[in-house]
Structures are given as structure tokens and as C-alpha cells.
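# Overview (structure and organization)
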Amino acid sequence: MNVFQIFIEPFAQFGFMNRALVGAIILSVSAGPVGVFLMLRRMSLTGDAMAHAILPGAAAGFLVSGLAILPMTLGGFAAGLVVALLAGLVSRFTIQREDTSLAAFYLISLALGVMLVSLKGSNVDLMHVLFGTVLALNDDALIMIGAIATVSLVGLAIIWRPLFAECLDPTFLRSVSKAGHPVHLIFLALVVLNLVGGFQALGTLLAVGLMMLPAAASRFWVRGLEGMCALAVGFGVVSSYFGLLISYYLGVASGPSIILVAGGIYVVSLFFGRRGVIFTRVQAPRHRVA
């Protein structure tokens, strides 16, 4: 087999592989920058909690109209926003912190969503909701993912400066502007929106992987915000491409393959990145013992 047959032919010959790659690339472009801001704001686990929070809404859409894209998307988005608002209200009016309330609501949401799917669907439907079916993306799903990515990128561009300022010093932003709280809510909405888009391809359990792993890997290579966002997108695209190839040749699930490749990139970056373990140890100044 030549290079073309190995790396290009699966996407050129099969429409489902082509659509899967396009959908995963769109998700990478949209979710990568959001993941960078989640990481810088020390909200990485919040993304995982929100990914589970969309499950009952998506399950409600499934109960109403089966695996139709629009009802599940709208239901998941609504459920994610409700959980985010409830967690914020609990942390504001009680002694409990936001991360604890998010953990509580995400566990409730996960259990409720699985129960709702099991009421009407089979184990196959449950696996579809939890792990996605990137190889089953159709034109309607691609249009939905593209629309979500467009809204997400435009929204992120609008709040870019105050969001960046909040990453650097949240206290300073609150002291000089009242934009801190609205920006936080808009950002949470964008997180939910990207998770809903990723849910179509990767399911509720893996959607956050394409958001956080490339972002975490990018930090080991560059310092600047724009550089991290661009590199996170690049890592996401590479993960999507090689993950789909691995799933094609080995006959394994596509979603987990994509996330495992992203995880491999993270591990390599952890050790060999410009700010990784090896480079940092080599460059660290040697202190003389007095």
C-alpha cells in the first residue's frame, strides 16, 4: 500500500469517513479555544461536569422524538444551562462552593439521563447517547455542528478581552468593571454549547475530551494565549484525523480512538514539550550548595 492508500483513501472512498472527519475538525476549531480558557480559569473539571449535565435534556429529546438531532441538541443545551445556573445560585446563597454544587448536580443529571434513555431506548441507544457515533454523522448533524461552532467563535471573540482579563486577575476585573459576572455566564453558555455539539459525535462522556486534552497539551509548548488556542485547534485536528484512521484499520470505536490519540499527544507534550518535564529539568539552573 502506498501513502495515498493508507492516509487518504479511507476519506476519499467512504462518505461516512469524510463526514466524520469534517465534523471532528469543526468541533476541534470551536472547542479548542474554549478548552484553553477553561484551563486558564482552572475550570477543567467544570467542563467534565457540564458534559454530564446535558444528558437529561438530551434524553428528554430522545424520549420525544428518538435520535432526532434538533430536539436532543435543544434539550441538552437547556439542561446544561439549568445546571450551571443552579450551581451558581447554590454557591451564591449557601456556604457550598460552586465546584461542589456542580459535582452534585452532574451526578444527579447523569443518573437521571441514563434512566430516561432506558425508559424508551435499548442498550444501543444508551451507548449512542453516552459515547456518540461520529461515523454516523449526516448532513443535518454537520450543519448543526457548524452553526454551533460559528456561534461559539463569534461569542468568544466578543468577550475575548474581558475573559482574558478575568483569567489574569478576576479581582481586578470586578473592581474596574461590572462585566465579570455576565462574561462568566456567557462563557458557561459557550461551554455548554460546545459540549452539545460534541455530544452529537462523541457522546456525553467523551465530548469534553476534544475540548480539554488538546488545550492541556498546548500549554506545554507555548505561553501566549493566541498560540495556545491555535495549537489546541491543531492538536484537535490531528487527533481527529489519526483517531479515525486507527478506528478504520483496527475496527475499533472511533470516538474513543480520537480521544486516545489526543491523550497520547498530551503525554508526549508532558515530557517533550518546551515547558514539559524533560526540557524544564534540563534548563533548570543548578543551585550551588553553600
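Scroll up for the structure.
Structure report, in brief.

## Looking at the overall build of the chain
Scanning the chain from N- to C-terminus turns up 16 helices and 0 strands. Projected onto its principal axes, the C-alpha positions of the chain cover 65 × 60 × 35 Å. Within the chain, buried positions represent 46% of all 290 residues. Counted over contacts in the chain with a minimum sequence separation of 6, partners at least 24 positions apart contribute 74%. Accessible area for the chain stands at about 14600 Å²; split by element, carbon and sulfur atoms hold 69% of it.

## Points about empty space enclosed by the protein
This structure, assessed with the given rule, holds 2 cavities of 30 Å³ or more. The space that makes up the largest cavity amounts to roughly 40 Å³. Looking at the largest cavity, the residues that line it are Leu27, Ala31, Asn194, Gly198, Leu202, Ala207, Leu210 and Met211. Mapped by element, the contributors of at least two residues to the lining of the largest cavity are helix H3 (15–40), helix H12 (180–206) and helix H13 (209–218). Residues of the lining of the largest cavity, tallied by class, amount to 6 nonpolar, 2 polar and no charged. Here the second largest cavity is characterised by a volume of approximately 30 Å³. As for the second largest cavity, its lining consists of Met72, His128, Gly132, Phe199 and Gln200. Broken down by class, the residue content of the lining of the second largest cavity amounts to 2 nonpolar, 3 polar and no charged.

## A look at H3
For H3, spanning 26 residues, the distance from its first C-alpha to its last is 38 Å, which sits close to the expected 38 Å at 1.5 Å a residue. Most pronounced at alanine 31, the bend in H3 amounts to some 30°, and the proline proline 33 follows within four residues. Once H3 finishes, arginine 42 follows within two positions and takes phi at roughly 55°, a positive value.

## A closer look at a positive patch on the surface
Residues Arg42, Arg219, Arg223, Arg274 and Arg275 make up a contiguous surface patch of positive charge. Within the secondary structure, arginine 223 sits in the loop between H13 and helix H14 (225–250). Given the relative accessible area of 67%, arginine 223 is considered exposed.

## As for a nonpolar patch on the surface
A contiguous nonpolar patch, built from Val3, Phe4, Phe7, Ile8, Val238 and Phe242 and spanning about 520 Å² of accessible area, is present on the exposed surface. Elements with a contribution of two residues or more to the nonpolar patch: helix H1 (3–7) and H14. By residue number, the principal contributor to the nonpolar patch is H1, which donates 3 residues. Position of valine 3 relative to the elements: it lies in helix H1.

## As for the layout of surface pockets
Of the voids in this model, the largest pocket is the one considered here, and its volume is about 950 Å³. Together, 30 residues line the largest pocket, and Arg41, Met43, Glu98, Asp99 and His184 are the ones closest to its centre. Mapped by element, the contributors of at least two residues to the lining of the largest pocket are helix H4 (44–53), helix H6 (69–93), helix H7 (98–120), helix H10 (160–168), helix H11 (170–176) and H12. Considering every element that reaches the lining of the largest pocket, the biggest residue donor is H6, with 6 residues. Across the lining of the largest pocket, the residue classes tally to 14 nonpolar, 7 polar and 9 charged.

## What to know about the side chain of serine 30
Within the fold, serine 30 resides in helix H3. There is a polar contact of 3.4 Å between the side chain of serine 30 and the side chain of serine 152. Within polar-contact distance, the side chain of serine 30 engages the side chain of asparagine 194 at 2.4 Å. Discounting residues that sit within four places of it in the chain, serine 30 has contacts with Ala149, Ser152, Leu153 and Asn194.

Cut-off values and rules
Residues numbered from 1 in each chain as written. Predicted model: local features only at pLDDT ≥ 70, side-chain atom pairs only at ≥ 80, totals over all residues. Heavy atoms only, no water. Helix = DSSP H or I, 4+ residues; strand = E, 2+ residues; numbered from the N terminus. Buried < 20%, exposed > 50% of the residue type's maximum accessible area, 1.4 Å probe, protein only. Contact = heavy atoms within 4.5 Å. Areas by Shrake-Rupley, 256 points an atom, 1.4 Å probe, with all protein chains shown as cover. 1 Å grid on protein atoms, 1.4 Å probe; cavity = no way out; pocket = protein on both sides within 12 Å on 5 of 7 lines; lining within 4 Å. Points joined across faces, edges and corners; volume = space filled by probe spheres on them. Nonpolar A, V, L, I, M, F, W, Y, C, P; charged D, E, K, R; others polar. Expected span 1.5 Å × (residues − 1). Bend = angle between axes of the 7 residues up to and from the residue. Patch = residues over 30% accessible without salt bridge, like charges linked within 9 Å, V, L, I, M, F, W, Y side chains within 5 Å. Salt bridge = Lys/Arg side-chain N within 4 Å of Asp/Glu carboxyl O. Lys, Arg positive; Asp, Glu negative; His and termini not counted. Charge placed at Lys NZ, Arg CZ, Asp CG, Glu CD. Polar contact = N/O pair within 3.5 Å; in protein donor to acceptor, adjacent residues only side chain to side chain.

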